[in-house]
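# Breakdown of the fold
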Amino acid sequence: MVGVVTITMGLMILLISKMSDLKWLPGDIVIRKKNFVFIFPITTMIILSVALTIILNIISKFFK
């Protein structure tokens, strides 16, 4: 079940990033140097964490 949710979320993120012009949310840390790019998507991770928590809580209530 966890694997299916993880794969689904990954595919959704790929599709959304390809369809929209919004690459990074405000609050995501992007550091660019000459030959180096460091991306730490803190805001994106927080939003995904909240969304997954809500979804998994709803799913767990159905299976009790």
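Reading the values: rules and limits
- Residues numbered from 1 in each chain as written.
- Predicted model: local features only at pLDDT ≥ 70, side-chain atom pairs only at ≥ 80, totals over all residues.
- Heavy atoms only, no water.
- Helix = DSSP H or I, 4+ residues; strand = E, 2+ residues; numbered from the N terminus.
- Buried < 20%, exposed > 50% of the residue type's maximum accessible area, 1.4 Å probe, protein only.
- Areas by Shrake-Rupley, 256 points an atom, 1.4 Å probe, with all protein chains shown as cover.
- Pairing = 2+ DSSP bridges.

## Notes on the overall build of the protein chain
If you tally the helices and strands in the protein chain, you get two helices and two strands. Helices and strands appear in the protein chain in the N-to-C order α-β-β-α. Within the protein chain, the fraction of its 64 residues that count as buried is 5%. Of the roughly 5,800 Å² of accessible surface on the protein chain, 74% is carried by carbon and sulfur atoms.

## So, the pairing of strand S1 (residues 29-32)
The side chains of a regular strand alternate, first on one face of the sheet and then on the other. In this sheet, strand S2 (residues 37-40) lies alongside S1 in antiparallel orientation, the contact comprising four bridges. Across the sheet, residue isoleucine 29 finds its bridge partner in S2, namely phenylalanine 40. The turn linking S1 back onto S2 is made up of four residues.

## Structural notes on the environment of threonine 6
The residue threonine 6 is located in helix H1 (residues 2-19) in this model. What makes threonine 6 exposed here is its relative accessible area of 52%. Residues threonine 6 and leucine 52 lie 46 residues apart in sequence; the distance between their C-alpha atoms is 9.6 Å.

Without other data, these values stay purely geometric and don't point to any function.
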